[in-house]
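Descriptive analysis of the structure
So you can see what is in the structure, the chains are spelled out below.
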Amino acid sequence: MNRAEMLNATESVLKTAGFQVSEKCSARPSCFCLAARKGAQLALLKVQPDLGNISQKDASELKTISSCFLGTPLFVSEKTREKPLEDDTVYTRYNVYAVTPKTLEDVVSRRMFPLMEAGPGGCFVQLDGDAVRNRRQKLGLSVGKLAEQLGISRRTLYGYERGMAKASVSAAYNLEWILGIPVVKPIDIFQAVPSDTGFFAAAKRVFVKNRFLRIVLKRMAQCHFNVAPTMRAPFDFIAQSPESQLNIIGGVTCTEERDLDQRTNEILSISDIVKAQPMFVTDGKLVPNNDIPLIRSEELNKIKQPEDLIARL
């Protein structure tokens, strides 16, 4: 499949599985293509046929944006550098999980989570350390005796039981054979990323080319918002109000922007998925032709406190 076909297929799979899915991000280059939610489960997905073509910058920003909304960053790909990706296996690109379209469908439609994770030395599995230790003790096996039967060191077995080491597929198979119980933990590809509070502090060091956006960011900070720009997203900034726990995703005027209405529609759609308040700040030269909450620059200049801005949205 080409990228457009993969993107359509991914959207269809998610909707069929009961996910609420945002509009596709197409107005400008973005680190993610879709936002999807089902209950408390939130994911920001980047669909790219060749996993090797995803840049570190995109991966980093995708992780950061996901963490702000307690969501999961996820890549959907079919190959890496012309080598096909295996189904039922989780890959990693710049510390972001990547799966095939088939694996994604199995997870969201059938609750069949993958067991194997691909790494530089082959495929590995994560063991349920508590289950291994409890079963070993129930069978009356010492660490040394079980390690001997498995042909591994006691240190390695300690690592398995404490969840500090991954096991090869063959080691996991032998362990299950000896203990007589399943010991491999499924991989939850939708595990939420912890909130990155350092994101807003680091954002102060980011150079923003758009002069109007720099003004908006400064003004929002003066209004006691935590605020940071985004480089590769439909929206231009994320703001958080520490007191009200409100998240805002906002856009600003970009000179001679051709797809302004499409981009603001994407902001509206994404905000609904990530449970954030959308807004657009305009200098009066370009005004979106849709229902996005609009703040003019002169209004923003008059705002002193977060609640003043929130009341206008």
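The rules behind the values
Residues numbered from 1 in each chain as written. Predicted model: local features only at pLDDT ≥ 70, side-chain atom pairs only at ≥ 80, totals over all residues. Heavy atoms only, no water. Disulfide = S-S within 2.5 Å. Buried < 20%, exposed > 50% of the residue type's maximum accessible area, 1.4 Å probe, protein only. Phe/Tyr/Trp six-rings, centres within 6.5 Å; stacked < 30°, edge-to-face > 60°. Helix = DSSP H or I, 4+ residues; strand = E, 2+ residues; numbered from the N terminus. Expected span 1.5 Å × (residues − 1). Arc of directions from axis to C-beta. Contact = heavy atoms within 4.5 Å. Polar contact = N/O pair within 3.5 Å; in protein donor to acceptor, adjacent residues only side chain to side chain.

**Quick look at the state of the cysteines**
The full count for this structure, using the stated rule, is zero disulfides. Cys25 provides the cysteine sulfur closest to Cys31, a residue in no disulfide bond, and the two sulfurs are 8.4 Å apart. Take Cys68: it sits in no disulfide, and the sulfur closest to it among the cysteines is that of Cys31, at 11 Å. Taking the relative accessible area as the measure of exposure, Cys68 reaches 7% and is therefore buried.

**As for the packing of aromatic side chains**
Throughout the structure, instances matching the rule amount to two aromatic pairs. Aromatic pair Phe19 and Phe190: ring centres 6.0 Å apart, planes at 35 degrees, arrangement tilted. Note that Phe19 is positioned in the loop between helix H1 (3-16) and strand E1 (20-21) and Phe190 in the loop between strand E12 (184-185) and helix H8 (198-203), a separation of 171 residues in sequence. Accessibility classification places Phe19 together with Phe190 in one group, the buried group. When the centroid spacing of 6.3 Å and the interplanar angle of 40 degrees are considered together, the rings of Phe32 and Phe235 count as tilted. One end of the pair, Phe32, is in the loop between E1 and strand E2 (34-38); the other, Phe235, is in the loop between strand E13 (226-229) and strand E14 (237-241), with 203 residues separating them in the sequence. Residue Phe32 shares its accessibility class with Phe235, and that shared class is buried.

**A look at helix H9 (residues 211-222)**
Along its twelve residues, H9 runs 17 Å from first to last C-alpha, staying within 8% of the 16 Å computed at 1.5 Å per residue. Along H9, the positions that sit buried rather than exposed are Phe212, Leu213, Val216, Leu217, Arg219 and Met220. Angular distribution of buried residues about the axis of H9 spans 165 degrees; they occupy a single face of the element. Exposed residues lying more than 90 degrees from the buried face of H9 are Arg211 and Lys218. Where H9 is buried, its residues contact E13, E14, strand E15 (246-252), strand E16 (277-282), helix H11 (297-302) and helix H12 (306-312). You can read the cap of H9 off the contacts: a side-chain oxygen lies 2.9 Å from the backbone nitrogen of Phe212, and it is on Asn210. Downstream of H9 by one or two residues, His224 has phi in the positive range, about 70 degrees.

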